[in-house]
Amino acid sequence: MVGTVLVLFVLPSFFTETHRLAADLLHAMPYPAFQRLARITLAGPRPTHHPATVAGAWITYALWPLAVTLATAVAPRRDH
């Protein structure tokens, strides 16, 4: 539970949109993707160098469940 909260909510606060790689990592996380979908216009309190796209946000929402499903299917079983 702690790991999920850290990845989904705390980790995005360490990335900014000033550098391309950091912006790509930020936009690949679910919470910033939700923020992009909830934003009506690109005009915000500050201009960004690498803004998120709506299509990228939807791709993020499609890939996270796929990645979790694949990790669950591939994870080894421990039988005691």
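All of these numbers come straight from a predicted model, not from anything done at the bench.

### A closer look at the UniProt feature "transmembrane region" (unreviewed entry) in the chain
Next, step 1: Under the UniProt annotation, the feature "transmembrane region" (unreviewed entry) is placed at residues 52-75.
Next, step 2: Segment residues 52-75 splits into 88% helix and 0% strand. End C-alpha atoms: 32 Å apart.

### Here's the deal with the layout of surface pockets
Next, step 1: There is about 200 Å³ of room inside the second largest pocket.
Next, step 2: Asp24, His27, Ala28, Ala33, Pro51, Ala52, Thr53, Gly56, Ala57, Thr60, Leu63 and Trp64 together form the lining of the second largest pocket.
Next, step 3: Secondary-structure elements contributing two or more residues to the lining of the second largest pocket are helix 2 (20-27) and helix 4 (54-74).
Next, step 4: Of the residues forming the lining of the second largest pocket, the biggest block, 5 residues, is contributed by helix 4.
Next, step 5: The residue makeup of the lining of the second largest pocket, split by class, is 7 nonpolar, 4 polar and 1 charged.

### Considerations on the pattern of salt bridges
Next, step 1: Taken as a whole, this structure holds 1 salt bridge when the rule is applied.
Next, step 2: For aspartate 24, the salt bridge identified is with arginine 20, shortest N-O distance 3.7 Å. Here aspartate 24 pairs with arginine 20, and both are found in helix 2, just 4 residues apart, close to one helical turn.
Next, step 3: Given the relative accessible area of 37%, aspartate 24 is considered partly exposed.

### Details of the side chain of histidine 27
Next, step 1: Along the chain, the position of histidine 27 falls in helix 2.
Next, step 2: When its relative accessible area of 17% is taken as the criterion, histidine 27 is described as buried.
Next, step 3: Residue contacts for histidine 27: discarding those within four places in its chain leaves Glu17, His50, Pro51, Ala52 and Thr60.

What counts, and at which threshold
- Residues numbered from 1 in each chain as written.
- Predicted model: local features only at pLDDT ≥ 70, side-chain atom pairs only at ≥ 80, totals over all residues.
- Heavy atoms only, no water.
- UniProt positions renumbered as here; feature names shortened; annotations may be inferred.
- Helix = DSSP H or I, 4+ residues; strand = E, 2+ residues; numbered from the N terminus.
- 1 Å grid on protein atoms, 1.4 Å probe; cavity = no way out; pocket = protein on both sides within 12 Å on 5 of 7 lines; lining within 4 Å.
- Points joined across faces, edges and corners; volume = space filled by probe spheres on them.
- Nonpolar A, V, L, I, M, F, W, Y, C, P; charged D, E, K, R; others polar.
- Salt bridge = Lys/Arg side-chain N within 4 Å of Asp/Glu carboxyl O.
- Buried < 20%, exposed > 50% of the residue type's maximum accessible area, 1.4 Å probe, protein only.
- Contact = heavy atoms within 4.5 Å.

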